[in-house]
Amino acid sequence: MAELVPVPLPLLLRRAFLEYQREGKIFDLPKSKFFRGIPGLDFSVSFHGHRASTPLGPAAGPHGQLAQNIVLSWLGGSRIIELKTIQILDELAIPRPCIDAANVGYNVEWSQELKLEQSLREYVGAAMFLEILQASRLLGEDFPAGETIFDMSAGYNLEGIRSARVRAWIESMMNARPVIDELRATLDGPLARYRDLPFPTQISDTISLSTFHGCPAGEIEGIVGFLIEEMGCHVCVKMNPTLLGYEEVDHLLHEVLGYHEIQLHRQAFDNDLRFDEALDLVPRLQRRAQACGKSVSVKFSNTLVVKNHKQVFSDELMYMSGPPLHVLALNLIRKFRERMKESVPISFSGGLDAQNVANAVALNLIPVTTCTDLLRPGGYARLVRYLENLGARMTAHGVTNIPDFIARHAGQEAALVEAATADPRYRWERNKGTPRKIASKLWLYDCINCDKCVPDCPNDANFVYETAPAAIEYDNFELLPEGIRRVPGGVLRIVKAHQLANYADVCNECGNCDIFCPEDGGPYKEKPRFFGTLETYRKHAGANGFFMDHAAGAIYGTISGEAYELTLDRAADRARFATPAAEVEIRLSDNEVLSGVGLLACPQGILLDLLPYLKLKLLYEAIRDPRHVHFANVAGLQEVNGGNEESAL
Ligand code: SF4
Ligand code: SF4
């Protein structure tokens, strides 16, 4: 199992600048999918007293973990970004795969996979990235950067949240000066001009709280009290859909929506916070918050814990999201508002998509957050449609801002919730299908090139590279005591110029790209997996892995479990190729083995298969091709001197 290894901030910036200038995209999101505002409309909202330029953002999850994910969410129009949940246990082994968004949306990925210190650097780095992006004017003078809120998410119990490490983590998010200074120092070369930007040192002072299933009311109160009174944060308490009660969830999920195969976990309902407890707890927390100048809100809803009835995950339980959760969350909100005497700000999560976002905002749910929908084909490119649709609804109602839009819908809550509950788009019949598979197997080279696996990945781990289609006939060689002898080889066929690869350092093997790939095997397993350092390559290559040493002009590769090294000297027309059995010198222009030594004591000689050499050579050249900018080649790319690239960087 590979571990996530975040990309250093200077490389992220370098890639974004070069990729935008050469290909008109950033982290594979085309500029046509960047949200540039809608003339005449003001989407801004207030959250915990801070202003954000849109009410939209990713829910704590895969789209708010690595710095590039946060930037991608932002480019799509997110301005309230709920960061992935952190907790004291930061070395958990999450089972893989951990995401199944084929139709409904399930996961077992409930916590961050980075160490606390890494998460801190990712979140601070993302905030700095956005400042640099704005200062550079790369996206144009008129790009509406606006105001963005980073919202921390923390879990899961009082002991963990009060621990010295989590406490220090929260303090560092509230005053990130030391981390900022450390990251500033890494901005060298053309990026040095951004070192002295006045980066805001407070990355966040709001926390959305996740608690374990079964967390008692007293424990929730203890955590919120600690966060408000000792840490000085505003807090949003994430509520579970179990709050609706077993009978109501059973009725909605099974009888109304028709998801008969989903089995509820009664224990979760028995142990979780009860509705009446929540009605007492929330106003009490609000009063405590007000007493120290802070605010408390609630979020509906967390995912629903259900029994695992599928074969995707190994765990006994899994967490349901997507269309059925949308209906559960809306009904829960309606019930909560009907029974709650006080006014409580509510955030929303639960099957949000471009079609229902306007209704969610109309219900005064701020922010509206999304996750499952972004795992579907198109990924972050789906976000811009949310805001376009919201804008269209505002225009249709003759309003130009969100408060007026909400006011227009006052008193319509029951009607809006009932309409969603009755809407066939949330029912099982509409969500039972699975992505089409075409019964063909993925290999290292070639596939049907649908390119779904690139935007489907929350971390932008999959990427496209170009190679020359070819049928390369090659000989093999025998290294004998008396010399080198040519023996019959074979043909390496590459049918397509357009090829796919994976950058394994940022792939957490969640499995999402496999779900949507029409071919079998999983792009993240079958396509060449590139690592960012020799160290991670050596540790995690497994049966398939590569590392480009740009400075040394070398590529390391493990193919079918055998490790090889190829060092190229183009000027001399020579390469050094090392296999586990031999080390040889090869003439690059005609792939002739010129000399070599066996590394194994083998009196009958050693057969040298040239196929791995050819694969490494082709990959080395294709990955370095500057037409595409990606994580595997950005460290080795040359800027174009004197051109736009030079001036922007
Ligand atoms: S690997 Fe699969 S998802 Fe990716 S482009 Fe090829 S066929 Fe499409
Ligand atoms: S490449 Fe695939 S498996 Fe890896 S993180 Fe991305 S979606 Fe998940």
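Residues numbered from 1 in each chain as written. Chains lettered and ligands numbered in written order. Predicted model: local features only at pLDDT ≥ 70, side-chain atom pairs only at ≥ 80, totals over all residues. Heavy atoms only, no water.

### Brief notes about the nonpolar core
(1) Moving on: Formed by 214 residues in total, the largest nonpolar core has its most connected members in Ile26, Leu139, Ile170, Leu304, Met320, Phe336 and Phe530.
(2) Moving on: No other element matches the 11 residues that helix H3 (residues 116–136) contributes to this core.
(3) Moving on: Built from parts of two domains, this core gets at least three residues from each of domain 1 (34–429) and domain 2 (453–648).
(4) Moving on: The residues contacting methionine 320, other than those within four sequence positions of it, are Val104, Gly105, Tyr106, Leu253, Ile262, Thr303, Leu304, Val306, Leu325 and Leu328.
(5) Moving on: In this structure, Ala504, Tyr537, Ala541 and Phe547 belong to the second largest nonpolar core, which totals 6 residues. (Core = buried A, V, L, I, M, F, W, Y, C linked by side-chain atoms within 4.5 Å. Buried < 20%, exposed > 50% of the residue type's maximum accessible area, 1.4 Å probe, protein only. Helix = DSSP H or I, 4+ residues; strand = E, 2+ residues; numbered from the N terminus. Domains from an automatic or database assignment. Contact = heavy atoms within 4.5 Å.)

### What to know about helix H10 (residues 275–291)
(1) Moving on: Relative to the 24 Å expected for 17 residues at 1.5 Å per residue, H10 spans 25 Å between its end C-alpha atoms, a close match to the ideal helical length.
(2) Moving on: Those residues of H10 that sit buried are Phe275, Ala278, Leu279, Leu281, Val282, Pro283, Leu285, Gln286 and Ala289.
(3) Moving on: The inward-facing, buried residues of H10 contact helix H7 (217–230), strand E11 (234–239), strand E12 (296–300) and helix H11 (323–339).
(4) Moving on: Backbone geometry just downstream of H10 places glycine 293 in the positive-phi region, at approximately 70 degrees. (Expected span 1.5 Å × (residues − 1).)

### Some thoughts on the site of ligand 2
(1) Moving on: Near ligand 2 you find 13 residues, and of these Cys457, Cys507, Asn508, Cys510 and Cys513 are the closest.
(2) Moving on: Across the shell around ligand 2, the residue classes tally to 6 nonpolar, 6 polar and 1 charged. (Near = heavy atom within 4 Å. Nonpolar A, V, L, I, M, F, W, Y, C, P; charged D, E, K, R; others polar.)

### Overview of empty space enclosed by the protein
(1) Moving on: The final tally for this structure, using the stated rule, is 4 cavities of 30 Å³ or more.
(2) Moving on: Computed from the structure, the largest cavity encloses a volume of approximately 100 Å³.
(3) Moving on: If you go around the largest cavity, you meet 13 residues; those closest to its centre are Thr211, Ile220, Lys238, Asn240 and Leu273.
(4) Moving on: Per element, the largest residue contribution to the lining of the largest cavity is 3 residues, and it comes from E11.
(5) Moving on: Its residues placed into classes, the lining of the largest cavity shows 7 nonpolar, 4 polar and 2 charged. (1 Å grid on protein atoms, 1.4 Å probe; cavity = no way out; pocket = protein on both sides within 12 Å on 5 of 7 lines; lining within 4 Å. Points joined across faces, edges and corners; volume = space filled by probe spheres on them.)

### Some points on the packing of aromatic side chains
(1) Moving on: For the structure shown, the criterion picks out 17 aromatic pairs.
(2) Moving on: Between phenylalanine 35 and phenylalanine 43, the aromatic rings sit 5.7 Å apart at their centres with planes inclined by 80 degrees, giving edge-to-face as the arrangement.
(3) Moving on: What makes phenylalanine 35 buried here is its relative accessible area of 6%.
(4) Moving on: With a relative accessible area of 3%, phenylalanine 43 lands in the buried category.
(5) Moving on: These aromatic residues form a ring-pair network of at least three members: Phe27, Phe129, Tyr503 and Phe631.
(6) Moving on: A cation over a ring is seen here: arginine 79 above tryptophan 74, with NZ or CZ 4.1 Å from the ring centre.
(7) Moving on: It is lysine 441 that lies over the ring of tryptophan 443; its NZ or CZ is 4.6 Å from the centre. (Phe/Tyr/Trp six-rings, centres within 6.5 Å; stacked < 30°, edge-to-face > 60°. Lys NZ or Arg CZ within 6 Å of the ring centre and 35° of its normal.)

### Digging into the pairing of strand E24 (residues 562–569)
Look at any regular strand and the pattern is simple: side chains alternate between the two faces of the sheet.
(1) Moving on: Pairing analysis gives 6 bridges linking strand E23 (residues 554–559) to E24, with the strands arranged antiparallel. Bridge assignment links isoleucine 559 to a residue of E24, and that residue is glutamate 562.
(2) Moving on: Between the antiparallel neighbours E23 and E24 lie 2 residues, among them serine 560 with a positive phi of about 50 degrees.
(3) Moving on: Direction of pairing for E24 relative to strand E25 (residues 574–578): antiparallel, over a ladder of 5 bridges. Each residue of the ladder has a partner; that of leucine 568, found in E25, is alanine 575.
(4) Moving on: Hairpin connection of E24 to E25: 4 residues between the antiparallel strands, including aspartate 573 at a positive phi of 60 degrees. (Pairing = 2+ DSSP bridges.)

### Side note on the pairing of strand E18 (residues 470–480)
(1) Moving on: Pairing of E18 with strand E19 (residues 483–494), which is carried by 10 bridges, proceeds in the antiparallel orientation. Following the sheet pairing, glutamate 473 is matched in E19 by valine 491.
(2) Moving on: In textbook terms, the turn of a hairpin is the stretch between consecutive antiparallel strands, and for E18 and E19 this stretch comprises 2 residues.
(3) Moving on: Judged from the 3 bridges that link them, E18 and strand E28 (residues 606–608) form a sheet pairing that is antiparallel. Along E28, the bridge assignment pairs leucine 479 with isoleucine 606.

### Some details on the packing of H11 against helix H15 (residues 413–422)
(1) Moving on: Running from N to C, H11 and H15 cross one another at 155 degrees; their axes reach a closest spacing of 9 Å. Taken together, the axis directions place H11 and H15 in an arrangement best described as roughly antiparallel. When the axes of H11 and H15 are compared, the crossing they make is left-handed. The residues of H15 that touch H11, namely those facing Val327, Leu330, Asn331, Ile333, Arg334 and Arg337, are Glu413, Ala414, Val417, Glu418, Ala420 and Thr421.
(2) Moving on: Classifying every residue of the contact of H11 with H15 by side-chain character gives 6 nonpolar, 2 polar and 4 charged. (Axes fitted to C-alpha atoms, helices over the stretch in contact; angles between N-to-C directions. Parallel < 35°, antiparallel > 145°, perpendicular 65-115°, else oblique. Left-handed = near helix turned anticlockwise from the far one by under 90°.)

### Focus: the site of ligand 1
(1) Moving on: As a structural note, the neighbourhood of ligand 1 is formed by Leu442, Cys447, Ile448, Asn449, Cys450, Asp451, Cys453, Leu500, Cys517, Pro518 and Pro523.
(2) Moving on: Considered class by class, the residues forming the shell around ligand 1 number 9 nonpolar, 1 polar and 1 charged.

### Focus on a nonpolar patch on the surface
(1) Moving on: Together, Val597, Leu599 and Leu600 make up a nonpolar patch on the protein surface, roughly 280 Å² of accessible area in all.
(2) Moving on: Within the element layout of this structure, leucine 600 appears in the loop between strand E27 (592–598) and E28. (Patch = residues over 30% accessible without salt bridge, like charges linked within 9 Å, V, L, I, M, F, W, Y side chains within 5 Å. Areas by Shrake-Rupley, 256 points an atom, 1.4 Å probe, with all protein chains shown as cover. Salt bridge = Lys/Arg side-chain N within 4 Å of Asp/Glu carboxyl O.)

### Structural notes on the domain arrangement of the chain
(1) Moving on: Segmenting the chain into domains produces domain 1 (34–429) and domain 2 (453–648).
(2) Moving on: Its C-alpha centre places domain 1 at a distance of 40 Å from the equivalent point of domain 2.
(3) Moving on: In this assembly, 25 residues from domain 1 lie in contact with 18 residues from domain 2.
(4) Moving on: Interface of domain 1 and domain 2: buried area, both sides summed, is about 1,600 Å²; carbon and sulfur atoms make up 54% of it. (Buried area = accessible area lost by both parts, 1.4 Å probe.)

### Considerations on unusual backbone geometry
(1) Moving on: In this structure, serine 301 follows phenylalanine 300 across a cis peptide bond, with omega equal to 0 degrees.
(2) Moving on: Position of serine 301 relative to the elements: it lies in the loop between E12 and strand E13 (304–307).
(3) Moving on: Look at the link from isoleucine 366 to proline 367: it is a cis peptide, with omega at -5 degrees.
(4) Moving on: Mapped onto the secondary structure, proline 367 falls in strand E16 (residues 365–370).
(5) Moving on: A positive phi is found at phenylalanine 27, a non-glycine position, where the angle reads about 45 degrees.
(6) Moving on: Within the fold, phenylalanine 27 resides in the loop between strand E1 (25–26) and strand E2 (29–30).
(7) Moving on: On the basis of relative accessible area, phenylalanine 27 is assigned to the buried category, the value being 2%.
(8) Moving on: Despite not being glycine, arginine 137 has its phi angle at roughly 60 degrees, a positive value.
(9) Moving on: By the element assignment, arginine 137 lies in the loop between H3 and strand E9 (149–154).

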